[in-house]
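Fold and contact review
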Amino acid sequence: MTRFYQKVIILGLSFLLAWAGWKGLNALAYRGEASALSQAQGDKPVKKVNKTREEWEKELTPEQYKVMFKCSTEPPFSGKYNDFWEEGVYFCAACDAPLFKSDDKYDHGSGWPSFKEALTGANLEYKDDFSFGLHRIEVTCATCGAHLGHLFDDGPAPGGKHYCINSAALNFKPKEEAAKELPPVATFAAGCFWGVEERFSQIEGVISTVVGYSGGKTANPTYEQVCSGKTGHAEAVQVVFDPQVVSYEQLVRQFFALHDPTQLNRQGPDVGTNYRSAIFYHNEEQRQIAEKVKDELQTSGRYHGQIVTGIVPFSHFYRAEEYHQQYLKKNKKAVCPI
């Protein structure tokens, strides 16, 4: 009997050593992947909310605390937002930071709320998770550090992202209510979006930037489709900004300054309607400001030709493929005519 127990102990130790070795190799293979994701966002850092675990436990429900600060996972198909499709924004259930838009929510079939994009990269952070002997990317709230869920690469095209998030970590607010709490957005097209994004991201008061396609008729287009000129889309940049630091009018003036608005359907060597100059206004106030600045510049004598910038109502914005995001920051040797 003693020899039997010795064998059991040896087998157990062998299993534990193999398990530890597998986890070690797994960690070595994926070291830094989550950190690289966080750095690639390119958005301005958020102001942190620092509270103790005891404080969070008092403020949250037992389920919320268990998921968000003990890294638990709610059972699949049990969360209130799994089969929920109202228009609005999902906020962090702990600190109320805005995280995801309903436009980016889809039915993955996994049993948890799934999103193809984050509302803004600055509000999320990523960690390499090696629990259960697997490598996963943990998604946390950048503001308060709460566990939200995981990021996978089995989402819909073109990005392929699948944010698998616990309902307990979210607080939904309808579109009208959420709009009052979110910073304003501006959308511009001024040629190659790599350079346009880089220039806007350097402006003080700009919270985040993202490149994509706007002004056309094709839903969820690829870069190749947009370049064909058949979608009607322009390469565009969406800018989220703090109006207490930089005004929309200042952004419009920067827009005109960073490109030649007299060039029709081109910008430098880039030719095509997808490189056209355009301001996509989100409300009547933005339209009036854009028209005022355009008229002022036209009569100033600064330009020898006619300003051809289109000032048109915003309809849809389709995020471009991930390799286009923050392209010049990620590719230091790349150049752009803007």
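Structural data are supplied above this passage.
Remember, predicted model here, so these are calculated numbers, not experimental data. (Residues numbered from 1 in each chain as written. Predicted model: local features only at pLDDT ≥ 70, side-chain atom pairs only at ≥ 80, totals over all residues. Heavy atoms only, no water.)

Reported here for the largest pocket is a volume of approximately 1,400 Å³. If you trace the largest pocket, you find 48 residues lining it, with Lys101, Asp103, Asp104, Gln238 and Phe314 closest to the centre. Residue composition of the lining of the largest pocket, by class: 21 nonpolar, 16 polar and 11 charged. (1 Å grid on protein atoms, 1.4 Å probe; cavity = no way out; pocket = protein on both sides within 12 Å on 5 of 7 lines; lining within 4 Å. Points joined across faces, edges and corners; volume = space filled by probe spheres on them. Nonpolar A, V, L, I, M, F, W, Y, C, P; charged D, E, K, R; others polar.)

Another aspect to go through is helix α4 (residues 62-69). Restricting attention to buried positions, one finds in α4 the residues Gln64, Tyr65, Val67, Met68 and Phe69. Against α3 (53-59), β1 (88-92) and β7 (147-152) lie the buried residues of α4. Positive phi shows up at Cys71, right after α4, with a value of about 55°. (Buried < 20%, exposed > 50% of the residue type's maximum accessible area, 1.4 Å probe, protein only. Helix = DSSP H or I, 4+ residues; strand = E, 2+ residues; numbered from the N terminus. Contact = heavy atoms within 4.5 Å.)

Attention shifts here to the environment of Ala334. Secondary-structure assignment places Ala334 in the segment after α10 (327-330). Along the primary structure Ala334 and Trp194 are separated by 140 residues, whereas in three dimensions their C-alpha atoms are 9.6 Å apart. The residues contacting Ala334, other than those within four sequence positions of it, are Tyr327 and Leu328.

What follows is about the pairing of strand β11 (residues 206-214). Most of β11 is tucked away, with 8 of its 9 residues classed as buried. Here β11 pairs with strand β12 (residues 234-241) via 8 bridges, running antiparallel. When the sheet's bridge partners are listed, Tyr213 is paired in β12 with Glu235. Of the strand pairs in this sheet, β11 and strand β17 (residues 317-319) are connected by 3 bridges, and their pairing is antiparallel. Note that in β17 the partner of Gly212 across the bridge is Arg319. (Pairing = 2+ DSSP bridges.)

Our next topic: the sheet that holds strand β8 (residues 162-165). On the basis of which strands lie adjacent, the open sheet formed by 6 strands has the order β3-β4-β8-β7-β6-β5 and antiparallel pairing. Both outer strands of the open sheet, β3 (105-106) and β5 (124-129), are each paired with one neighbouring strand and no more.

Its place among the elements puts His147 in strand β7. Non-local contacts of His147, meaning those with residues more than four positions away in its chain, are made with Val67, Met68, Cys71, Ser72, Glu138, Val139, Thr140, Asn166 and Ala169.

Turning our attention to the side chain of Glu117. By the element assignment, Glu117 lies in the loop between β4 (114-115) and β5. Residue classification places Glu117 among the buried positions, given a relative accessible area of 10%. Within the structure, Glu117 has its side chain in polar contact with the side chain of Arg319 (distance 3.1 Å). Ignoring sequence-local partners within four residues, the contact set of Glu117 consists of Phe100, Asp104, Lys161, Tyr163 and Arg319. (Polar contact = N/O pair within 3.5 Å; in protein donor to acceptor, adjacent residues only side chain to side chain.)

What describes two packed helices is the angle between their axes and the distance between those same axes. Put simply, helix α8 (residues 248-257) and helix α9 (residues 284-299) touch, their axes get as near as 10 Å, and they point 45° apart. The angle between α8 and α9 falls in the class oblique. When the axes of α8 and α9 are compared, the crossing they make is right-handed. Contacts from Tyr248, Glu249, Val252, Arg253 and Phe256 in α8 reach Gln286, Ile289, Ala290, Lys292, Val293, Lys294, Glu296 and Leu297 in α9. Tallied by class, the residues present in the contact of α8 with α9 amount to 7 nonpolar, 1 polar and 5 charged. (Axes fitted to C-alpha atoms, helices over the stretch in contact; angles between N-to-C directions. Parallel < 35°, antiparallel > 145°, perpendicular 65-115°, else oblique. Left-handed = near helix turned anticlockwise from the far one by under 90°.)

Looking at α8, one finds that the buried residues are Tyr248, Leu251, Val252, Phe255 and Phe256. Summarising the axial view, the buried residues of α8 lie within an arc of 140°, below the 170-degree limit, and thus occupy one face. Elements in contact with the buried residues of α8: β10 (185-190), α6 (193-201), β11, β12, β15 (277-281) and α9. (Arc of directions from axis to C-beta.)

Before going further, it helps to spend a moment on the packing of aromatic side chains. Enumeration according to the criterion identifies 17 aromatic pairs in this entry. Between Tyr81 and Phe84, the ring centres sit 5.3 Å apart and the planes meet at 70°, which makes this aromatic pair edge-to-face. One aromatic cluster is present, formed by Tyr81, Phe84, Tyr90, Phe100, Phe115, Tyr163 and Phe172 through successive ring pairs. (Phe/Tyr/Trp six-rings, centres within 6.5 Å; stacked < 30°, edge-to-face > 60°.)

Another aspect to go through is the sheet that holds β1. Each strand in a sheet pairs with its neighbour through backbone hydrogen bonds, running either in the same direction (parallel) or in the opposite one (antiparallel). Within the open sheet, the 3 strands sit side by side as β2-β1-β9. Their pairing is antiparallel. For this open sheet the edge positions go to β2 (98-101) and β9 (170-174), each flanked by a neighbour on one side alone. Across this sheet, the average inter-strand angle for adjacent strands is 30°, counted without regard to direction. The pairing of β1 with β2 spans 3 bridges and is classified as antiparallel. Bridging across to β2, Val89 finds its partner in Lys101.

What is shown is where atoms sit, not what they do.
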